[in-house]
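Here is how the chains run, residue by residue.
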Amino acid sequence: MSQLDFSVVFDNLPYLWQGLRFSLLLTAVAFAAGMVLGTGLALLQHLEVPVGAQLARGYVALIRSIPLILVLFWFFFLVPLMLGALMNGGRPMPIGGVWTAFITFSLFEAAYYSEIIRVGLRSVSKGQYEAAQALSLSTYKTYRFVILPQVVRVTSPIILNQTIILFQDTSLVYVLSLTDLVGAASKLAQLNGRLVEMYLAVAAVYLVICCTASQLVAYLRRRTQLNQNR
Amino acid sequence: MNMHLPTPRLAGPAQAEPAIVLEGVTKFYGGFRALNHVDLEVARGETVIICGPSGSGKSTLIRCLNRIETHDRGRIVVNGHELTDALKDIAAVRREVGMVFQSFNLFPHLTILENCMLAPVQARGISRREARETAMHFLSKVRIPDQAGKYPGQLSGGQQQRVAIARALCMRPQVMLFDEPTSALDPEMVKEVLDTMVGLAGEGMTMVCVTHEMGFAREVADRVVFMDKGAVVEQDTPERFFSAPASERAREFLRQVIH
Amino acid sequence: MFTVLFDQGSDGRMYGVWLLSGLGWTLSLAFFGWWLAFAIGLVVGIGRTVENRTIAILSRVYVEVFRNIPVLVQMFLWYFVVPELLPASLGTWIKQMPPPWGAFFPALVCLSFYTAARVAEQVRAGLEALPAGQREAAAALGLTERRTYWLVLVPQALRLIVPSLTSEVMGIYKNTSVALTIGLLELTAEARQISEETFQTFAAFGAATIIYLMLALAAYQLMSWIDERARIPGTAPPARRKSLRLLARRLPEGASP
């Protein structure tokens, strides 16, 4: 075994930083889009919208049953076909790995967020809906001002934990040969043969980011619990 | 619509027309007959107390009056609007009917003041400034204006229920429904809530109240309605109901609640 | 649509057999990985709740490390890095393992250790959910700490967490697909190979998806059955338990790939 030499990591910091930036961007986009879509999917089920509720349920069950890598492969194959059918007169529109990643992670995370939000919706007591009804608030305003703010409060630690998992999952864009943090490291590792140092460094970066984030979430959870007991 | 009157309106445009009319109202939960041919009229300004053993349908009845529960047969007319599936704007009826729940149902994420302002602003469309004034007016009336900035979880049960009353009054309702408003309270807090309700009845608010507080019923009720097994068994003035109930079931019930 | 599965692949076997072979690796990884993960997770989870500070801290460190590094990176660590850090002879021996095993064992270790961290958190949550009176009653009866755990606390905690372990079981079988990155030809990898050889992407991925769906269903049914069987008579009525179960299964949602 040769001596460990981490200089190869420090020499390539800009490239690794570029990779990490992509990981973070992908996380942010998938979080934002996933939350919006996930809330929609949860509301479709919660309000028992005809047809929509069944479709949402089926979609969530399907997505949650298959591995993310397979979903990535599916979308890499399907999205160009669908876009082609919609906008290109049936000829596939190749969109590349980056767009595939954005779309896949948004749609994939939507299923996971929607489950959290759905349970959050159920945790709000029936009396809250009744009180809003009795005060003659419309369905939209009931959800907008009374129900969803409470759901956000109850579920935010779980949503944030799921987002930490999402951040870790973005590393799987490796299978699309994208240059996220892992992708950047593996390309460098193959170039200079320093796999050990590269992967140890990447592990350390993820460990620090995710540990810090989960400590923050734990702190937040304790604080909101305190607030509720005031 | 007289929605900007400074004090709650005591009577609607047609003074003679009753505030609430029920004719043959029947409701099923699956095969269980929760309400069985209920006929009832509540006049404007009247305070009606509904009592009866648990499971007698009194809560179901009061919850049908603002259509939080739907009835299956018969007619319900509230403030001149008949409550049916065809009724397009149930919100319009609910704006005129306030409700106070057993479990308060304050919105835990909003301050006391925000609880009182939400519906007037969002459902009545009045300005935030005016809603704030109205809210402070009614919070003073239930004697907790100093708690306006706190959250429901920081208040005692009795205070929360008084906020719930103020919140309903902020919509300037013409009818107030109370669904066992003191049942979830510790004994020492019952009185402060009942006192608030006594005051309200004294001002001529139309009130329908489900309660087990027989002393309160005796004091404020214009009429006591006794229900059992989903039906109205008898209704009378409190004097007559408490001194000489007509039915054996009412006598049995009174023996159990007053000892 | 699935007729391609009966065509002969480049190695003379039918494509359907490719998929079945991939399914075999997926199932072996998930099955053996789960039991290892369960064993390690049980020990670490208990470790987090014991009086002994050293054990509690070590258990905490284990959980934080294995929970906060992406499973893909852990896969690379076990496959590329660990053999290099071990003494040369051992490292070489690992690297020279014949093909499927050289990827299978690192993947097995990786998934076990990763899933164990998640199981440990569930076990800890289960133990902490028990009323303090249980521990006190056991102590009052003169049981040692070890016996208190094995005879009183663990049997109850495990019953409590069966629902949330379901999501970890589903997590580990989905995570087996990450092993394709170190060259294990499990189900997803075989599906991709078929797609690349035949260009019948729809059929290849479709078949794999259906198999994964059936696995999810089987895992869910199995865990529900265990939950029924393990229930202590006289605890919570079925209806309420069901809603609790849904809540518990969904809320601490974990591994997603």
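Cut-off values and rules
- Residues numbered from 1 in each chain as written.
- Chains lettered and ligands numbered in written order.
- Predicted model: local features only at pLDDT ≥ 70, side-chain atom pairs only at ≥ 80, totals over all residues.
- Heavy atoms only, no water.
- Helix = DSSP H or I, 4+ residues; strand = E, 2+ residues; numbered from the N terminus.
- Rg over C-alpha atoms; globule rule 2.2 N^0.38 Å.
- Buried < 20%, exposed > 50% of the residue type's maximum accessible area, 1.4 Å probe, protein only.
- Contact = heavy atoms within 4.5 Å.
- Buried area = accessible area lost by both parts, 1.4 Å probe.
- Salt bridge = Lys/Arg side-chain N within 4 Å of Asp/Glu carboxyl O.
- Polar contact = N/O pair within 3.5 Å; in protein donor to acceptor, adjacent residues only side chain to side chain.
- Nonpolar A, V, L, I, M, F, W, Y, C, P; charged D, E, K, R; others polar.
- Expected span 1.5 Å × (residues − 1).
- Bend = angle between axes of the 7 residues up to and from the residue.
- Pairing = 2+ DSSP bridges.
- UniProt positions renumbered as here; feature names shortened; annotations may be inferred.
- Phe/Tyr/Trp six-rings, centres within 6.5 Å; stacked < 30°, edge-to-face > 60°.
- Axes fitted to C-alpha atoms, helices over the stretch in contact; angles between N-to-C directions.
- Left-handed = near helix turned anticlockwise from the far one by under 90°.
- Core = buried A, V, L, I, M, F, W, Y, C linked by side-chain atoms within 4.5 Å.
- Parallel < 35°, antiparallel > 145°, perpendicular 65-115°, else oblique.

Quick look at the overall build of chain B now. Along chain B, the regular secondary structure elements total nine helices and 10 strands. Expected size for 259 residues packed as a compact globule is a radius of gyration near 18 Å; at 18 Å, chain B falls within 12% of this value. Dimensions along the principal axes, computed over C-alpha positions, put chain B at roughly 55 × 45 × 35 Å. Per-residue burial for chain B yields a buried fraction of 58% across its 259 residues. Long-range contacts, defined as pairs at least 24 residues apart, comprise 68% of the intrachain contacts of chain B with a sequence gap of at least 6.

Along the backbone of chain A there are nine helices and zero strands. N-terminal to C-terminal, the α/β element order of chain A is α-α-α-α-α-α-α-α-α. The buried share among the 230 residues of chain A stands at 52%. Nonlocal contacts in chain A, meaning residues at least 24 apart in sequence, comprise 77% of its contacts between residues at least 6 apart.

With that out of the way, let us pick up the arrangement of the chains. Out of two pairs of chains that touch, the pair holding the most contacts is chains A and C. At no point do chain B and chain C touch; the closest pair of C-alpha atoms across them sits 18 Å apart.

A word on the interface of chain C and chain A. Across the contact, 43 residues belong to chain C and 42 residues belong to chain A. Note on chain C versus chain A: buried area summed over both sides is about 4000 Å², and carbon and sulfur give 73% of it. The tally of links from chain C across to chain A stands at zero salt bridges. Scanning the region where chain C abuts chain A turns up five residue pairs in polar contact (both at pLDDT 80 or more). Contributing elements (two or more residues each) for the side of chain C that touches chain A: helix 2 (53-67), helix 3 (71-85), helix 5 (99-129), helix 7 (145-175), helix 8 (187-198), helix 9 (201-230) and helix 10 (238-250) of chain C. Among the elements that take part in the side of chain C that touches chain A, helix 9 of chain C stands out by supplying nine residues, more than any other.

Taken together, the contacts link 24 residues of chain B with 18 residues of chain A. Summed over both sides, the interface of chain B with chain A buries roughly 1900 Å², with 60% coming from carbon and sulfur. Of all residues in chain B, F107, H109 and Q122 of chain B bury the most surface against chain A, accounting for 32% of the area lost on that side. At the junction of chain B and chain A, the tally comes to one salt bridge. For R63 of chain B, the salt bridge goes to E130 of chain A, with nearest N and O atoms at 2.5 Å. Counting across the chain B and chain A interface gives five residue pairs in polar contact (both at pLDDT 80 or more). Elements represented by at least two residues in the side of chain B that touches chain A include exactly helix 2 (90-95), strand 6 (97-100), helix 3 (112-124) and helix 5 (157-169) of chain B. Ranked by residues supplied to the side of chain B that touches chain A, first place goes to helix 3 of chain B with four residues. Residues of the side of chain B that touches chain A, tallied by class, amount to 14 nonpolar, six polar and four charged.

Helix length check: helix 7 (residues 139-169) of chain A, at 31 residues, gives a terminal C-alpha distance of 36 Å against a target of 45 Å (1.5 Å per residue), a shortfall beyond 12%. At T155 of chain A, helix 7 of chain A is bent by approximately 60°, the largest bend along its length, and proline P157 of chain A sits one to four residues beyond.

Our focus in this paragraph is the sheet that holds strand 5 (residues 81-82) of chain B. Reading across from one edge, 2-1-4-5 (chain B) is the order of the four strands in this open sheet, with antiparallel pairing throughout. The outermost strands of the open sheet, each flanked by one partner alone, are strand 2 (32-42) and strand 5 of chain B.

With that out of the way, let us pick up the pattern of salt bridges. Counted according to the given criterion, the structure contains 31 salt bridges over all chains. K126 of chain A serves as the salt-bridge partner of E130 of chain A, at 3.5 Å between the closest nitrogen and oxygen. Within this pair, E130 of chain A and its partner K126 of chain A are both found in helix 6 (residues 126-134), separated by four residues, close to a single helical turn. A residue is classified by how much of its surface remains accessible, and K126 of chain A, at 60% relative accessible area, is exposed. A salt bridge links K191 of chain B to D195 of chain B; the nearest nitrogen and oxygen atoms lie 2.9 Å apart.

Glancing now at the pairing of strand 2 of chain B. Relative to strand 2 of chain B, strand 1 (residues 20-29) of chain B runs antiparallel, the two sharing seven bridges. Considered in strand 2 of chain B, the bridge of K27 of chain B is made with L35 of chain B.

Within an α-helix, residues lying three or four positions from one another point in the same direction, as the helix has 3.6 residues per turn. Of all the nine residues making up helix 6 of chain A, seven are buried; the element is thus mostly covered by neighbouring parts of the structure. Of the residues trailing helix 6 of chain A, S136 of chain A is marked for its positive phi of about 65°.

What follows covers the UniProt feature "transmembrane region" (unreviewed entry) in chain A. This chain's UniProt record puts "transmembrane region" (unreviewed entry) on residues 20-44, 65-87, 93-113 and 198-220 of chain A. Helix makes up 86% of residues 93-113 of chain A and strand 0%, and the two end C-alpha atoms of the span are 29 Å apart.

This part is about the packing of aromatic side chains. Applying the stated criterion across every chain yields a total of 34 aromatic pairs over all chains. When the ring of W74 of chain A is compared with that of F202 of chain C, the centres are 5.5 Å apart and the planes differ by 80°; the resulting orientation is edge-to-face. Of this pair, W74 of chain A sits in helix 4 (residues 68-87) while F202 of chain C sits in helix 9, which puts the two residues in different chains. Using a relative accessible area of 11% as the deciding quantity, one classes W74 of chain A as buried. Taking 5.3 Å as the distance between ring centres and 75° as the angle between the ring planes, the aromatic pair formed by W78 of chain C and F113 of chain C counts as edge-to-face. Taken together, the residues W78 of chain C in helix 3 and F113 of chain C in helix 5 connect sequence positions 35 residues apart. With a relative accessible area of 26%, F113 of chain C lands in the partly exposed category. Of the aromatic side chains, those joined through ring pairs into one cluster are F73, W74 and F77 of chain A together with F202 and F205 of chain C.

All right, on to the packing of helix 1 (residues 15-47) of chain C against helix 9 of chain C then. Residue and element names in this part refer to chain C. At a closest axis distance of 11 Å, the pairing of helix 1 and helix 9 adopts a crossing angle of 35°. Read as a crossing pair, helix 1 and helix 9 show a hand that is right-handed. Contacts between helix 1 and helix 9 involve L19, L23, T26 and L27 on the former and, on the latter, A207, I211, Y212 and L215. Its residues assigned to classes, the contact of helix 1 with helix 9 comprises seven nonpolar, one polar and no charged.

Counting 173 residues, the largest nonpolar core has F105 and L121 of chain A together with I20 and L22 of chain B as its most contacted members. If you tally residues by element for this core, the top one is helix 7 of chain C, at 12 residues. When neighbours within four sequence positions are excluded, L22 of chain B is seen to be in contact with V38, D39, L40, L61, L65, R75 and I76 of chain B. Counting residues in each nonpolar core, the second largest holds 51 residues, with L113, A164, M205 and V220 of chain B among its members.

All names here are of chain A. Contact geometry of helix 3 (residues 52-65) with helix 5 (residues 96-123) gives a least axis separation of 9 Å together with a crossing angle of 110°. In terms of orientation, helix 3 lies roughly perpendicular with respect to helix 5. Relative to helix 5, the crossing made by helix 3 is left-handed. For the pair helix 3 and helix 5, contact is made by Y59, V60, I63 and R64 and by L107, F108, A111, Y112, S114 and E115, respectively. Partitioned by chemical class, the residues of the contact of helix 3 with helix 5 number seven nonpolar, one polar and two charged.

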